Amino acid sequence: MDMPVKTTESLDLFVNATQQFERALTWVDGIKEGIIDFLINPKRTIHVRFPVNMDDGSTRTFHGFRVMHSDVRGPGKGGIRYHPSVTEAEVTALAAFMTWKTAVVNIPYGGGKGGIVCDPKQLSRRELRHITRRFVAELGDNIGPHTDIPAPDVYTNAQTMAWIYDTYDRMHPGGNNLAVVTGKPLEMGGSLGRDEATARGSWYATEQLLRRKGVPGLETLEGARVAVQGYGNAGSIAAYLFHDAGAVVVAVSDSRGGIADDDGLDPRDVLKFKQDTGSVVGFPGAKKIRNEDVLAYDCDVLIPAALECSITTANARKVKAKLIVEDANGPITAAADEILRQNGVVVLPDILANAGGVVVSYFEWVQNLENQQWSLERVESLLNEKMCRAVDETVDRFDELKAKYRQGFNKGKPGPTLRDAALVSAITRIATVVLQRDIWP
Ligand code: NAD
């Protein structure tokens, strides 16, 4: 029998990552006990503190860190977040997601993530430049094209990446250093298609999941009702790509609130309105709804594209969607995930759904190493191929786990999910390489 279980809920992202990992581990045979700790915890965490002269003549000390979760399958890879409340636990969890994500889509990276505790909205461009350059100088050779490769994350952008490249290049003159960081401006080695990559990858993955009949009661995006939480890079682009594929975008939100229209919103008009006014709220002709109403909106597909831990035990039972596509990292707590499973809601997990961003970062890195610039058509076609293959492998693995379960494996425990399947593939891929490389010395 398919057992309901109670998972203790935490809003700490690393606790959630650990709970997901431990649950997936129950489906994996033959991993040596002694390497489990190595697979879940980060390989290293570097803390740096450095002073910066501010515009008003004062001096402030900033705290930054870089977590390399794993470099088993290749160099560390992951964004750098600038946020006043960024914590080591949050960055560690995001670094772990990167390790699993790069394994699920099978690109030759490990996982990393970084952060600086600061409020970019209160800092001038000069202050941000000095903070970024000093951070890179402090990290020294702990980042590099073949060691650990940063990228943008919350409140960092192509300009931040340009400063990272320039600083690293000044510290290592005479070589091709473009591959030290991805998400750079197009003019200095950025890849075509990087802006849309996360949302585009999630759309390709959704289409493939539907082709594989992975969502009971939902055959196609044509006419499907879609709600999107968060209208930034990932959310707004997902909204117009799903719309272009024939879906009807019925509700969207940002940090100031939500809007809905059962006849369908035009996502590009909403984006233009947000760019002009700062929010989706007030969009002409749409009704205003609360933020939480978007998650509970009557729809077929829900795309959380904003914050971690948005869907919890407090609201998971209200979700009406048949499918949740996790464009955000960690938007569903492990306890809420189990409620959704019991209610038959399919979750296309973050480590697969939003992997398009790191896949195109990988394409940027390859182009930099080869001094090439690929066409947009080539980037999009290779992204589609990578995402479809990863979905196929995950669905095949899911079918395998379901068959094992029917035969009595994991008796008394909850049945498998797509997240379990994706994590089992990731863990197996990483553990295999650990054993092939063999434990040094
Ligand atoms: P972003 O800053 O561009 O957008 C975030 C959006 O969320 C903004 O519109 C903001 O107003 C909204 N928001 C904040 N609080 C909200 C709330 N309480 N309710 C509703 N909306 C709220 O960020 P992004 O790059 O789009 O990233 C969003 C998520 O996607 C994050 O979890 C990020 O880690 C994940 N992600 C992004 C990428 C990428 O390439 N951009 C790649 C992988 C994962």
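Residues numbered from 1 in each chain as written. Predicted model: local features only at pLDDT ≥ 70, side-chain atom pairs only at ≥ 80, totals over all residues. Heavy atoms only, no water.

### Focus on unusual backbone geometry
Moving on, step 1. Cis geometry is found at the peptide bond from W440 to P441, where omega equals -5 degrees.
Moving on, step 2. With respect to the helices and strands, the residue P441 is situated in the segment after α14 (418-437).
Moving on, step 3. Of note in this structure, N106 is not a glycine but carries a positive phi near 55 degrees.
Moving on, step 4. Examined against the element boundaries, N106 turns out to sit in the loop between α3 (88-104) and β4 (111-117).
Moving on, step 5. With a relative accessible area of 38%, N106 lands in the partly exposed category.
Moving on, step 6. Positive phi, close to 75 degrees, is recorded for D438, a residue that is not glycine.
Moving on, step 7. The residue D438 is located in the segment after α14 in this model. (Helix = DSSP H or I, 4+ residues; strand = E, 2+ residues; numbered from the N terminus. Buried < 20%, exposed > 50% of the residue type's maximum accessible area, 1.4 Å probe, protein only.)

### Here's the deal with the sheet that holds strand β3 (residues 76-83)
Moving on, step 1. The sheet built from five strands is open, its strands ordered β1-β2-β4-β3-β5 with mixed pairing. Edge positions in the sheet fall to β1 (44-53) and β5 (148-152), since each has one partner strand and no second. Taken over all neighbouring pairs, the strand axes of this sheet differ in orientation by 25 degrees on average, direction set aside.
Moving on, step 2. Here strand β2 (residues 59-70) pairs with β4 via six bridges, running antiparallel. Within β4, the residue paired with R66 across the bridge is G114.
Moving on, step 3. Here helix α4 (residues 125-139) sits on the sheet and contacts β1, β2, β3 and β4; the angle it forms with β1, its principal contact strand, is near 140 degrees. (Pairing = 2+ DSSP bridges. Axes fitted to C-alpha atoms, helices over the stretch in contact; angles between N-to-C directions. Contact = heavy atoms within 4.5 Å.)

### Brief notes about empty space enclosed by the protein
Moving on, step 1. Scanning all chains against the criterion turns up one cavity of 30 Å³ or more.
Moving on, step 2. Size it by volume and the largest cavity reaches roughly 50 Å³.
Moving on, step 3. Taken together, F38, L39, H69, S70, V72, T99 and I430 make up the full set of residues lining the largest cavity.
Moving on, step 4. Counting only elements with at least two residues in the lining of the largest cavity, the list comes to α2 (33-40) and β2. (1 Å grid on protein atoms, 1.4 Å probe; cavity = no way out; pocket = protein on both sides within 12 Å on 5 of 7 lines; lining within 4 Å. Points joined across faces, edges and corners; volume = space filled by probe spheres on them.)

### With respect to the site of the ligand
Moving on, step 1. Residues in close proximity to the ligand total 21 residues, the closest being T198, N233, A234, S255 and N329.
Moving on, step 2. D327 is positioned such that a nitrogen or oxygen atom in its backbone is 3.3 Å from an oxygen atom of the ligand.
Moving on, step 3. Relative to its unbound accessible surface of 830 Å², the ligand loses 76% to contact with the protein.
Moving on, step 4. Of the residues belonging to the shell around the ligand, the class tally is six nonpolar, ten polar and five charged. (Near = heavy atom within 4 Å. Polar contact = N/O pair within 3.5 Å; in protein donor to acceptor, adjacent residues only side chain to side chain. Areas by Shrake-Rupley, 256 points an atom, 1.4 Å probe, with all protein chains shown as cover. Nonpolar A, V, L, I, M, F, W, Y, C, P; charged D, E, K, R; others polar.)

### Points about the layout of surface pockets
Moving on, step 1. There is about 540 Å³ of room inside the second largest pocket.
Moving on, step 2. Considering the residues around the second largest pocket, the lining is formed by 26 residues, among which V346, F398, K402, P416 and T417 are closest to the centre.
Moving on, step 3. If you tally residues by element for the lining of the second largest pocket, the top one is helix α13 (residues 376-406), at six residues.
Moving on, step 4. Broken down by class, the residue content of the lining of the second largest pocket amounts to twelve nonpolar, five polar and nine charged.

### Some points on the domain arrangement of the chain
Moving on, step 1. Each assigned domain of the chain is listed here: domain 1 (1-30 + 191-354 + 378-441) and domain 2 (42-188).
Moving on, step 2. For domain 1 versus domain 2, the separation of C-alpha centres amounts to 26 Å.
Moving on, step 3. Contact with domain 1, which involves 29 residues of that partner, is made by 20 residues of domain 2.
Moving on, step 4. Of the roughly 2,200 Å² buried where domain 1 meets domain 2, counting both sides, 69% is carbon and sulfur surface. (Domains from an automatic or database assignment. Buried area = accessible area lost by both parts, 1.4 Å probe.)

### A word on the environment of V228
Moving on, step 1. Structurally, V228 can be placed in strand β6 (residues 225-229).
Moving on, step 2. Taking the C-alpha atoms as reference points, V228 and P108, separated by 120 residues in sequence, lie 31 Å from one another.

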